[in-house]
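Structure assessment
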Amino acid sequence: MNTGAPWPSREEAEVRVLEIQTKLHRWATDDPNRRFDDLYNLVCDPAFLAVAWERVKGNRGARSAGVDGETVHSIEAGGGRAALLDELRAELKACSFEPLPVRERMIPKPGGKQRRLGIATVRDRVVQASLKLVLEPIFEADFKPCSYGFRPKRRAQDAIAEIHFLCSRSYEWLLEADISACFDELSHVGLLDRMRARVGDKRVLALVKAFLKAGILSEDGANRQTITGTPQGGILSPVLANIALSVLDEHFVEAWESAMGSESARQQRRRKGLANYRLVRYADDFVVLVAGTRADAEGLRAQVAEVLDRVGLRLSEEKTTTVHVDEGFDFLGFHIKRNRKRGTHKRFVYTYPSKKALAAVTARVRALTHGSMNLSLTRLLDRLNRLLRGWTTYFRHGVSKATFSYLDSFVWRRVVGWLRRKHHHATWKWLRRRYLPGWRPTEGDATLFNPAKVTVSRYRYRADRIASPWRAAATERIGSSTGVDSRRAGCMETRTSGSEERAGETDQPKG
């Protein structure tokens, strides 16, 4: 592409990126052993950098500065988008780009512990986003259906739906596993070895390694080297973590396909006293569901630890436990347990919002309604409504009606208490007439959101039918609607072979 040409518009860049991503994904799917040799030029491509900039700009972290003190706003107020992208592209093409250390910020975790968050510079975030646009469609062809975290068109509810499906079909014992400091202890050697199976371009591997070795500027001002791990919070980190943790997916899927892939094979194993088992993983959180005994579930612990050791990870001894579905367990904010249906003797698996999740949202409501008397009620309701809508949307695919009703009562009491403290000289009659028409806190057009009125429904289990986001038909439709010539993607050799298949398709247990 002509280096003197103006940067493409957002629409043109997105069309070009989607076209090339579709090709990369199709080629990777058609040939599981293919290694991609010329990917670095795509990372430097103006369309990829332009889309990467838009992703970084639209991210909530755009307001956060790295070690250089620059934010998206300050860059736009200075030289602007074009100047930054021109500079980045020149450095990348000259192979002189060097990422800066990430700025450390410690985030509180439940139990008094802290999580390390790494904030990269805006420049580094743009390059990471461009790398992700190139690498993600290739490795998505290899990722297995049992993995749901940080993958396009997949969400936590899919993982919960699969667990509900399996627990309802004789998978009653679970190895609830927790990886100790996954993002901090991830082996760079193990990760890059897995990437080399697909990426033959040494410049791309060197760029990934440079980000892994960039270092950390801690809160006390000290520079620390990064021998292991990838910064949590980085744009590229979820993809890299999935590449490393896919070693676990492959191990269990291979065991499933070789010994348990058909219903007759599973029944024969059970007659012999052998267990059947499945893995469900969301990023570094996963469970192994076992149709067998407690001893079978506990026996898988050493197997999981051995597989994780290949990428430098280890299980947390304290948090890795074996539980029965009748005891119940927490996963991704839900509490999953088999209970007797009211009025019958039948037992079913139910998913509820966990006590920890409810405690977390009520704590945030307390924080918003504690003090801040200078806020208007409209502003307070706006903050509360965004919180409540997001929380109830996440948990509406469970047995959540009673929890939503409790949450509504709790928030109502907190808001009314806040009003009484704010107007401590006012009478209750005046407050009710002024702020509680219909008994809902209201000011102007803002009314307190009512969680109790949210409709709850069972999430549809999609199994391995979750479609890839990269399809040639979508590219052609976008290209024809915008009038962009699809031949602009001709910098890459087009290969006409087979139709696109779903990546990592496996049979699901029946009945």
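Residues numbered from 1 in each chain as written. Predicted model: local features only at pLDDT ≥ 70, side-chain atom pairs only at ≥ 80, totals over all residues. Heavy atoms only, no water.

Our focus in this paragraph is the overall build of the protein chain. Looking only at helices and strands, the protein chain has 18 helices and 13 strands in total. Since a compact globule built from 511 residues should have a radius of gyration of about 24 Å, the 26 Å found for the protein chain is in line with a globular shape. Relative to its full complement of 511 residues, the protein chain shows a buried share of 50%. Residue pairs in contact within the protein chain that sit at least 24 positions apart in sequence constitute 74% of those at least 6 positions apart. Working note: accessible area of the protein chain is about 24,900 Å², and carbon and sulfur atoms make up 49% of it. Here the protein chain holds 87 positive side-chain charges and 61 negative ones, and the gap between their average locations is 10 Å. (Helix = DSSP H or I, 4+ residues; strand = E, 2+ residues; numbered from the N terminus. Rg over C-alpha atoms; globule rule 2.2 N^0.38 Å. Buried < 20%, exposed > 50% of the residue type's maximum accessible area, 1.4 Å probe, protein only. Contact = heavy atoms within 4.5 Å. Areas by Shrake-Rupley, 256 points an atom, 1.4 Å probe, with all protein chains shown as cover. Lys, Arg positive; Asp, Glu negative; His and termini not counted. Charge placed at Lys NZ, Arg CZ, Asp CG, Glu CD.)

What follows is about the pattern of salt bridges. On inspection of all chains with the given rule, the structure shows 28 salt bridges. Of the charged contacts in the structure, one is a salt bridge between arginine 10 and glutamate 14, with a shortest N-O distance of 3.2 Å. Note that arginine 10 and glutamate 14 are positioned in helix H1 (residues 10-30) at a spacing of four residues, about one turn of the helix. Each of Glu104, Arg116, Asp184 and Arg224 takes part in a single network of salt bridges with overlapping partners. (Salt bridge = Lys/Arg side-chain N within 4 Å of Asp/Glu carboxyl O.)

This paragraph deals with the nonpolar core. Met195, Phe286, Val288 and Phe331 are the most contacted members of the largest nonpolar core, which totals 142 residues. The element contributing the most residues to this core is helix H11 (residues 237-260), with 13 residues. In contact with phenylalanine 331, other than residues within four places in its own chain, are Ala159, Ile160, Ile163, Val280, Tyr282, Asp285, Phe286, Val287 and Ile336. (Core = buried A, V, L, I, M, F, W, Y, C linked by side-chain atoms within 4.5 Å.)

A few words now on the side chain of glutamate 176. Position of glutamate 176 relative to the elements: it lies in strand S3 (residues 173-178). Summary of buried charges: glutamate 176 has no salt-bridge partner, and the nearest side chain of opposite charge, lysine 356, is 7.8 Å away. Ignoring any residue separated from it by four or fewer positions in sequence, one finds glutamate 176 in contact with Phe286, Val287, Lys319, Thr320, Thr321, Val323, Phe329 and Asp330.

Their axes nearest at 11 Å, the elements helix H3 (residues 46-58) and helix H5 (residues 81-93) cross at an angle of 130°. The angle between the axes of H3 and H5 places the two elements in the oblique class. Read as a crossing pair, H3 and H5 show a hand that is right-handed. Facing Pro46, Leu49, Ala50, Trp53 and Glu54 of H3, the residues of H5 in contact are Arg81, Leu84, Leu85, Arg89 and Leu92. (Axes fitted to C-alpha atoms, helices over the stretch in contact; angles between N-to-C directions. Parallel < 35°, antiparallel > 145°, perpendicular 65-115°, else oblique. Left-handed = near helix turned anticlockwise from the far one by under 90°.)

Once that is clear, we can look at the packing of aromatic side chains. According to the stated counting rule, one finds 13 aromatic pairs in the structure shown. Consider the rings of tryptophan 430 and tyrosine 435, whose centres lie 6.0 Å apart with planes at 85°: the pair is edge-to-face. In this structure tryptophan 430 comes out as partly exposed when scored by relative accessible area, which is 33%. Through a chain of ring-to-ring contacts, three or more aromatic side chains come together here, namely Phe334, Trp391, Tyr394, Phe395 and Phe404. Above the ring of tryptophan 256, the side-chain terminus of arginine 278 is found at 4.1 Å from the ring centroid. (Phe/Tyr/Trp six-rings, centres within 6.5 Å; stacked < 30°, edge-to-face > 60°. Lys NZ or Arg CZ within 6 Å of the ring centre and 35° of its normal.)

A word on the pairing of strand S7 (residues 285-291). For S7, the buried fraction is high: six of the seven residues fall into the buried class. Note that S3 and S7 share six bridges and pair antiparallel. Within S7, the residue paired with leucine 174 across the bridge is leucine 289. Bridge analysis of strand S6 (residues 276-282) against S7 gives seven bridges, and the strand direction is antiparallel. Pairing of arginine 281 across the sheet is with phenylalanine 286, part of S7. As consecutive antiparallel partners, S6 and S7 are separated by two residues, and within that stretch alanine 283 has a phi angle of approximately 55°, a positive value. (Pairing = 2+ DSSP bridges.)

Quick look at the sheet that holds S7 now. Within a sheet, adjacent strands bond to each other through the backbone by hydrogen bonds, running parallel or antiparallel. Strand order in the open sheet made by the four strands is S6-S7-S3-S8, with antiparallel pairing throughout. Here the strands that pair on one side only, and so sit at the sheet edges, are S6 and strand S8 (321-324). The mean inter-strand angle of the sheet, taken between neighbouring strand axes irrespective of direction, is 20°. In the sheet, S3 pairs with S8 via four bridges, with the strands oriented antiparallel. When the bridges of S8 are listed, leucine 174 appears paired with valine 323.

What follows concerns the sheet that holds strand S11 (residues 347-353). One open sheet holds the three strands; their spatial order is S9-S10-S11, and the pairing between them is antiparallel. In this open sheet, the two edge strands, each paired with only one partner strand, are strand S9 (329-331) and S11. This sheet shows a mean twist of 30° between the axes of neighbouring strands, independent of strand direction. Strand direction decides the pairing type here: strand S10 (residues 334-340) and S11, joined by seven bridges, are antiparallel. Looking across to S11, one finds that arginine 338 is bridged to valine 349.

One way to put it is that H11 packs onto helix H13 (residues 294-308) with a least axis distance of 9 Å and a crossing angle of 135°. It follows that H11 is oblique to H13 by the angle criterion. Read as a crossing pair, H11 and H13 show a hand that is right-handed. Of H13, the residues touching H11 (which contributes Leu245, Val247, Leu248, His251 and Phe252) are Gln303, Val304, Val307 and Leu308.

The predicted model of the protein chain has a mean per-residue pLDDT of 89, with 90% of residues at 70 or higher. Under a pLDDT of 50 for its full length, residues 481-511 has, in the predicted model, 74 contacts with residues more than four places off or in other chains. (pLDDT = per-residue confidence, 0-100.)

Further remarks concern the environment of serine 187. If you trace the backbone, serine 187 turns up in the loop between helix H8 (182-185) and helix H9 (188-196). Judged by relative accessible area, which is 18%, serine 187 ranks as buried. Taking C-alpha positions, serine 187 is 48 Å from lysine 346, a pair spaced 159 residues apart along the chain. Polar side-chain contacts of serine 187 include one of 3.4 Å to the backbone nitrogen of valine 189. (Polar contact = N/O pair within 3.5 Å; in protein donor to acceptor, adjacent residues only side chain to side chain.)

One non-glycine residue with positive phi stands out, namely cysteine 95, at about 55°. Position of cysteine 95 relative to the elements: it lies in the loop between H5 and strand S1 (102-108). Even without glycine at this site, alanine 181 takes up a positive phi of about 50°. Positionally, alanine 181 belongs in the loop between S3 and H8. Judged by relative accessible area, which is 33%, alanine 181 ranks as partly exposed.

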